Amino acid sequence: MTFPAASFRPVIACNLDPEQVERLRAHHSQPVVIPYSETAPVWEVPEEADFLFTFFKGWANAPKQKPAGWPHRLKWVQIASAGIDAFPDWIFEAPLVTTGRGISAEAIAEYVIASVFAHEKHLFDDLLVRSADAWQNRTLNLVSGKTIGFYGFGAIARRTAEKARALGMQVAATRRGPAGEGDGIRWFSDLASMAAEVDHLILAVPLTAETRRSVDAGVLAAARPGLHLVNVCRGEVIDDDALLAALDNGQLSAATLDVTAPEPLPAGHVFYTHPKIRLTPHISWTSEDNAARIAAKLHGNLDRFLAGEPLEDTVVAGRGY
């Protein structure tokens, strides 16, 4: 890669929100920032841009054929989200593409832990007492001693695992290669084997051809009876029909879903009213400091690029994340 001279003033095209645009403009390099996608499709990137900073919004509708001249004069594309499945293949023909991996890891980890607590403490089961007639003793379950398994062990899973271990939980995860033990984690080489051994199964994989609908009838049939499934990655990872069957036959006790396919689900979809599904509208990544976390990630990589240093979270061609 050829790095710019110290006097280089970058031109950055972006489809970020207004707050992030102003943060970019305040960067010490004094970039020329062009917010463009309010007036043009998100894939029609201004040709004079050196860098593109973009969220995934709008990219799902991009054409399969790349625009004429792509990638123009772009030297680098910074994606503000962790997932890249919404982007067309041709965007990765840019010389360098990086992601926002890890920005929301803390927030999503807390969501996962909250869902585990809510499940074990029956917080979804009308626990609050509002009359004398409802004053009945119940036995709640411990979180400590339970096993939490991660399908995918990136930034989100690692942060969640740290919190789970602090609570006395056992941690399991899948990985390519042989199963075994290491780093306080019980490793499994396949998802079905892990599903048979854990109390809470957390889906945290990127959406790729390999992971699409990989949580299928076979995996769910192998699950430990009473398994609680939590999905914080992409709805397309689950075979929805298989999930409903496993919930209805009692193989799974519940599913906490922050993501679905599509989003939002159409009116009347069974997920809205199923008694064993806890549905939230893709909000696990949110936090009051999210804008500052995004800025720190993007500005840190901008500093590295201008200094000629390696950037964080570079997309590896053909890997899908």
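Up top is the structure these notes are about.
Rules used in this analysis
Residues numbered from 1 in each chain as written. Predicted model: local features only at pLDDT ≥ 70, side-chain atom pairs only at ≥ 80, totals over all residues. Heavy atoms only, no water. Phe/Tyr/Trp six-rings, centres within 6.5 Å; stacked < 30°, edge-to-face > 60°. Helix = DSSP H or I, 4+ residues; strand = E, 2+ residues; numbered from the N terminus. Pairing = 2+ DSSP bridges. Contact = heavy atoms within 4.5 Å. Axes fitted to C-alpha atoms, helices over the stretch in contact; angles between N-to-C directions. Salt bridge = Lys/Arg side-chain N within 4 Å of Asp/Glu carboxyl O. Buried < 20%, exposed > 50% of the residue type's maximum accessible area, 1.4 Å probe, protein only. Polar contact = N/O pair within 3.5 Å; in protein donor to acceptor, adjacent residues only side chain to side chain. 1 Å grid on protein atoms, 1.4 Å probe; cavity = no way out; pocket = protein on both sides within 12 Å on 5 of 7 lines; lining within 4 Å. Points joined across faces, edges and corners; volume = space filled by probe spheres on them. Nonpolar A, V, L, I, M, F, W, Y, C, P; charged D, E, K, R; others polar.

With respect to the packing of aromatic side chains
Phase 1 of the analysis: For the structure shown, the criterion picks out ten aromatic pairs.
Phase 2 of the analysis: Their ring planes at 40 degrees and their centres at 5.4 Å tell us that Trp-59 and Phe-87 sit as a pair that is tilted. Here Phe-87 lies in the loop between strand S4 (76-79) and strand S5 (97-98) and Trp-59 lies in the loop between strand S3 (51-54) and S4, a separation of 28 residues in the sequence.
Phase 3 of the analysis: Centre to centre, the rings of Phe-150 and Phe-153 are 5.9 Å apart; their planes meet at 70 degrees, and the pair counts as edge-to-face.
Phase 4 of the analysis: Clustering of aromatic rings is evident, with ring pairs tying together Phe-8, Phe-51, Phe-53, Trp-76 and Phe-305.

Description of the sheet that holds strand S2 (residues 32-35)
Phase 1 of the analysis: Here five strands make up an open sheet; going across it, the order is S2-S1-S3-S4-S5 and the pairing parallel. The two strands at the open ends of the sheet, each matched to only one other strand, are S2 and S5.
Phase 2 of the analysis: Sheet topology places S4 next to S5; two bridges connect them, and they run parallel. Following the sheet pairing, Val-77 is matched in S5 by Val-97.
Phase 3 of the analysis: Relative to S2, helix H1 (residues 18-25) is tilted by about 165 degrees, and along the sheet it contacts strand S1 (11-14), S2 and S3.
Phase 4 of the analysis: Here helix H7 (residues 290-307) sits on the sheet in contact with S1, S3, S4 and S5, set at roughly 160 degrees to S4.

Topic: the pattern of salt bridges
Phase 1 of the analysis: Across all of its chains, the model carries 18 salt bridges by this definition.
Phase 2 of the analysis: Of the charged contacts in the structure, one is a salt bridge between Lys-66 and Glu-93, with a shortest N-O distance of 2.7 Å. A residue pair is termed long-range when its members are at least 10 positions apart, and Lys-66 in the loop between S3 and S4 and Glu-93 in the loop between S4 and S5 qualify at 27 residues.
Phase 3 of the analysis: Residue Lys-66 is classed as partly exposed on the basis of its relative accessible area, which comes to 40%.
Phase 4 of the analysis: Judged by its relative accessible area of 43%, Glu-93 falls in the partly exposed class.
Phase 5 of the analysis: Asp-85 serves as the salt-bridge partner of Arg-234, at 3.1 Å between the closest nitrogen and oxygen. Remark: Asp-85 occurs in the loop between S4 and S5 and Arg-234 occurs in the loop between strand S11 (227-231) and helix H6 (240-248); sequence separation between them is 149 residues.
Phase 6 of the analysis: Its relative accessible area of 32% is what places Asp-85 among the partly exposed residues.

Regarding the side chain of His-119
Phase 1 of the analysis: Looking at the element boundaries, His-119 is found in helix H2 (residues 105-120).
Phase 2 of the analysis: Residue His-119 is classed as buried on the basis of its relative accessible area of 12%.
Phase 3 of the analysis: In this structure the side chain of His-119 is engaged in a polar contact, spanning 3.4 Å, whose partner is the side chain of Ser-253.
Phase 4 of the analysis: With residues near it in sequence (within four places) discarded, His-119 still touches Phe-124, His-200, His-228, Ser-253, Ala-254 and Arg-278.

Considering the layout of surface pockets
Phase 1 of the analysis: Here the second largest pocket is characterised by a volume of approximately 590 Å³.
Phase 2 of the analysis: In terms of lining residues, the second largest pocket is bounded by 28 residues, among which Ile-84, Phe-87, Pro-88, Asp-89 and Phe-92 are the most central.
Phase 3 of the analysis: Split into classes, the residues belonging to the lining of the second largest pocket amount to 19 nonpolar, four polar and five charged.

As for unusual backbone geometry
Phase 1 of the analysis: Between Trp-70 and Pro-71 the backbone carries a cis peptide bond, its omega angle lying at 10 degrees.
Phase 2 of the analysis: Secondary-structure assignment places Pro-71 in the loop between S3 and S4.
Phase 3 of the analysis: Residue Pro-264 is bonded to the preceding Glu-263 through a cis peptide linkage, with omega at -10 degrees.
Phase 4 of the analysis: Within the element layout of this structure, Pro-264 appears in the loop between strand S12 (252-257) and strand S13 (277-279).

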